[in-house]
Amino acid sequence: MRTPSHKSASKSRVGYNTRVQILKTTEHLPQELVAAISTTLKAGGLVIYPTETTYGIGADAMNQTAVDKLLKYKKRREGKPLSVLVKNQAMAEQYVELSKHAQTVYERFLPGPVTVVSLGKHMLAKGVESEQGTLGIRISSHPLVIELMRTYPHPVTATGANASYKKRPYSVQDIFDHLSEKQKGLIDLVIDDGELPHNEPSTVIDTTLDDKAVILRQGEIKLKKKNEVLSRSEEN
């Protein structure tokens, strides 16, 4: 894919694969970055991008070839779900069934660092939903991601860009230091925003039960066991 505008893409200084395109947020306008991400996603590529928590890795969640490529990158066992980005609640409702618990979480915390797990409608590529047919939804508060999802027509995967069981990816260096050459070769585009604030990953809330919501992972938003908000993480 051709680099947008006349500015040149950065290349290998920290062991990147030579074919990967690296665009720094300090050297390109947001609309140029969004155009590059969209073009790569539409072509079935994988994109590493910054979020309000850590770096994520994106694939078009409706493109089976792209999702298979992502699962190969993550080395995930079959059946372990991927979360996806959507633009807003209306877009989410195209892909999941929203319970009353889910609607409450959406109203109070989204956009923001919360993943809401709901029953999926089985409209995405195989491997995105869990074996139980559930799907995690993210509505990001990161400006670049907001702009991407404002125009991109499909959900985009929102899983962390680190290889499974490796350290949280707060910089592109963090990611590439723990990848094999084969994994590096699967990446098509990197949006390098430098070192991100060391925020916790998103809080993950399962809203598929009728009588309660279940916290699967505590993140920046701290919740009590009865789904009552405590506070945002004081570490941030």
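Calculation criteria
- Residues numbered from 1 in each chain as written.
- Predicted model: local features only at pLDDT ≥ 70, side-chain atom pairs only at ≥ 80, totals over all residues.
- Heavy atoms only, no water.
- Salt bridge = Lys/Arg side-chain N within 4 Å of Asp/Glu carboxyl O.
- Helix = DSSP H or I, 4+ residues; strand = E, 2+ residues; numbered from the N terminus.
- Buried < 20%, exposed > 50% of the residue type's maximum accessible area, 1.4 Å probe, protein only.
- Arc of directions from axis to C-beta.
- Contact = heavy atoms within 4.5 Å.
- Pairing = 2+ DSSP bridges.
- 1 Å grid on protein atoms, 1.4 Å probe; cavity = no way out; pocket = protein on both sides within 12 Å on 5 of 7 lines; lining within 4 Å.
- Points joined across faces, edges and corners; volume = space filled by probe spheres on them.
- Nonpolar A, V, L, I, M, F, W, Y, C, P; charged D, E, K, R; others polar.

Participant: Please explain the pattern of salt bridges as it appears in this structure.
Facilitator: A full pass over the atoms with the stated rule returns six salt bridges. E147 serves as the salt-bridge partner of R150, at 2.7 Å between the closest nitrogen and oxygen. Taken as a pair, R150 and E147 lie in helix α5 (residues 143–151) at a separation of three residues, close to a single helical turn. K184 is the salt-bridge partner of E181, the closest N and O atoms lying 3.2 Å from each other. Taken together, the residues span about one helical turn, with E181 and K184 both in helix α7 (residues 181–184) at a distance of three residues. You can call E181 exposed: its relative accessible area is 54%.

Participant: Honestly, helix α4 (residues 100–109) in this entry has me stumped. Any pointers?
Facilitator: Three- or four-residue spacings in an α-helix give side chains the same orientation, since the helix completes a turn every 3.6 residues. Those residues of α4 that fall on the buried side of the exposure criterion are A102, V105, Y106 and F109. On an axial view of α4, the arc spanned by its buried residues comes to 105 degrees, and they lie on one face. Facing away from the buried surface of α4 by more than 90 degrees, the exposed residues are K100, E107 and R108.

Participant: Help me understand the side chain of S83, please; the structure alone is not making it clear to me.
Facilitator: In this structure, S83 sits in strand β4 (residues 83–85). Excluding anything up to four places from it in sequence, S83 contacts T115, G136, R138, V156, T157, A158 and T159.

Participant: Sorry, what's going on with the pairing of strand β3 (residues 55–58) here?
Facilitator: Taken residue by residue, a regular strand's side chains alternate between the two faces of the sheet. Every second residue of β3 is oriented toward a common face, with Y55 and I57 on one face and G56 and G58 on the other, all of them buried. Of the strand pairs in this sheet, strand β2 (residues 47–50) and β3 are connected by four bridges, and their pairing is antiparallel. Its bridge partner lying in β3, V47 is registered against G58. Remark: four residues form the turn of the hairpin made by β2 and β3, two consecutive strands paired antiparallel.

Participant: I tried to follow empty space enclosed by the protein on my own but got confused; where do I start?
Facilitator: It is a probe the size of a water molecule, rolled over the atoms, that shows where empty space is left. On inspection of all chains with the given rule, the structure shows one cavity of 30 Å³ or more. Considering the residues around the largest cavity, the lining is formed by I37, Y49, P50, L144, V145 and L148. The greatest single-element share of the lining of the largest cavity, amounting to three residues, is contributed by α5. Its residues placed into classes, the lining of the largest cavity shows six nonpolar, no polar and no charged.

Participant: Mind showing me how you'd approach unusual backbone geometry here?
Facilitator: Comment: phi is negative for the bulk of residues other than glycine, and the bulk of peptide bonds are trans. Here the amide bond leading from L110 into P111 is cis, since omega sits at 0 degrees, within 30 degrees of zero. Its place among the elements puts P111 in the loop between α4 and β6 (114–120). Phi is positive for H122, close to 60 degrees, though the residue is something other than glycine. Mapped onto the elements of the fold, H122 is located in the loop between β6 and β7 (134–138).

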